[in-house]
Amino acid sequence: MQRSVGYIIMFATLICVVCAVLVSSAAVGLKDRQVENQALDKQLNILRASGLALPTEQLSREEIQSRFATVKAVVVELQTGNVVEDAPIDVATFSVQKAAGSPDLGYVAPDNNAGISRLSKYQVVYQVLGEDGGVQMVVIPIKGYGLWSTLYGFLALDRDTTTIRGITYYQHGETPGLGGEVDNPLWKSMWTGRKAYDENWAPAITVIKGQAGPASSDPYRVDGLSGATITSRGVSNMMEFWLGENGLGPYLKAFREGQKG
Ligand SMILES: Cc1cc2nc3c(=O)[nH]c(=O)nc-3n(C[C@H](O)[C@H](O)[C@H](O)COP(=O)(O)O)c2cc1C
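In this text the structure is predicted, and so the values were computed from the model without any measurement.

A. Just the overall build of the protein chain, in detail. The helix and strand tally for the protein chain stands at six helices and 10 strands. In terms of its C-alpha atoms, the protein chain occupies a principal-axis envelope of roughly 85 × 45 × 40 Å. Across the protein chain, the fraction of contacts at a sequence separation of at least 24, relative to all contacts at a separation of at least 6, is 54%.

Now the structure itself:
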């Protein structure tokens with residue numbers, strides 16, 4: 001049976017409208033689930049950085065939430081290093097990317113080597129509490145440019161604010177097998193026990209080209225990612241930034257001095 005051109009156009013339009021409604025309803029309907037899953041993934045990365053979860057351990061939603069019970073989120077005002085109680089953000093769903101891009105919550109970053117153009121006024125820092133309720137570790141957010149992408153992750157520091165307990169990246173677009181080796185558990189394990197700051201409290205940890213010695217005798221250097229010198233340099237640059245005075249250096253200093261007092 002021959003159909004008219006008008007019929008075919010009407011039919012195609014109807015199919016398009018039905019599909020568009022289906023796809024957009026699915027996107028809207030799943031939005032909450034996506035936000036929840038992103039928050040869980042971030043929590044899992046914080047657990048992995050701090051050693052509360054093994055690097056390749058897969059945890060259920062309930063296990064992540066149960067282990068995360070000993071982790072306290074605090075909001076830090078980046079430019080002062082002060083902990084703030086009344087920041088206009090929801091720590092559970094906070095996205096540092098969205099905040100940096102927003103006119104109210106973001107600002108233009110000072111000159112830096114980490115390729116960071118905008119920063120969020122507020123950063124969420126995670127304190128891992130011991131059985132006595134005291135802070136055992138501080139997990140700070142890190143971000144910076146590699147070769148192809150901005151890498152987002154966490155650096156876990158001992159409560160002395162210099163001994164590194166672990167590192168994880170939860171988002172990046174570096175090449176698998178090259179810059180993407182930032183996700184390799186073996187490489188990440190090389191960070192543990194090294195020192196973020198030198199004896200004068202200047203950021204010191206750096207990813208070198210080639211191999212570093214053991215943490216006990218070569219505390220400020222980590223093995224380079226082979227074939228990925230640019231990503232490796234990006235990791236060093238972001239360490240310098242986030243441990244430094246325009247990053248979370250002021251917060252870490254205040255925390256350290258508060259522990260002594
Ligand atoms: C397809 C392709 C993907 C690459 N991906 C990365 C990468 O993710 N990170 C990186 O630092 N270098 C990457 N490189 C290599 C860089 O272009 C550059 O050669 C390298 O960083 C130099 O490191 P090397 O001195 O260790 O060889 C890639 C190269 C190619 C051809």
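Picking up where we left off.
B. Highlighting the site of the ligand. Lining the immediate surroundings of the ligand are L147, W148, E174, T175, L178, G179, S226, G227, A228, T229, I230 and T231. Of the residues contributing to the shell around the ligand, the split by class is five nonpolar, six polar and one charged.

C. Helix α1 (residues 5-49), seen in detail. When the terminal C-alpha atoms of α1 are compared, their 61 Å separation across 45 residues agrees well with the 66 Å that a helix rising 1.5 Å per residue should span. Along its length, α1 shows its largest kink, about 45°, at K31. If you check which residues of α1 are buried, you get K42, Q43, L44, N45, I46, L47, R48 and A49. For α1, the elements touching its buried residues are α2 (61-67), β1 (71-77), β5 (122-129), β6 (135-145), β7 (150-158) and β8 (164-171). Residue G51 follows α1 closely and has a positive phi angle near 80°.

D. Just the sheet that holds β7, in detail. The strand order across the open sheet built from six strands is β2-β1-β5-β6-β7-β8, with neighbouring strands paired in antiparallel fashion. Looking at strand neighbours, the two that pair on one side only are β2 (82-84) and β8, the edges of this open sheet. Ignoring strand direction, the axes of neighbouring strands in this sheet form an average angle of 35°. Note that β1 and β2 share three bridges and pair antiparallel. Each bridged residue has a counterpart across the sheet, and for V76 the counterpart in β2 is V83. Running at roughly 155° to β8, α1 makes contact with β1, β5, β6, β7 and β8 of the sheet.

Cut-offs and rules
- Residues numbered from 1 in each chain as written.
- Predicted model: local features only at pLDDT ≥ 70, side-chain atom pairs only at ≥ 80, totals over all residues.
- Helix = DSSP H or I, 4+ residues; strand = E, 2+ residues; numbered from the N terminus.
- Contact = placed C-beta atoms within 7 Å.
- Near = placed C-beta within 6 Å.
- Nonpolar A, V, L, I, M, F, W, Y, C, P; charged D, E, K, R; others polar.
- Expected span 1.5 Å × (residues − 1).
- Bend = angle between axes of the 7 residues up to and from the residue.
- Buried ≥ 20, exposed ≤ 12 C-beta atoms within 10 Å, placed from the backbone.
- Pairing = 2+ DSSP bridges.
- Axes fitted to C-alpha atoms, helices over the stretch in contact; angles between N-to-C directions.

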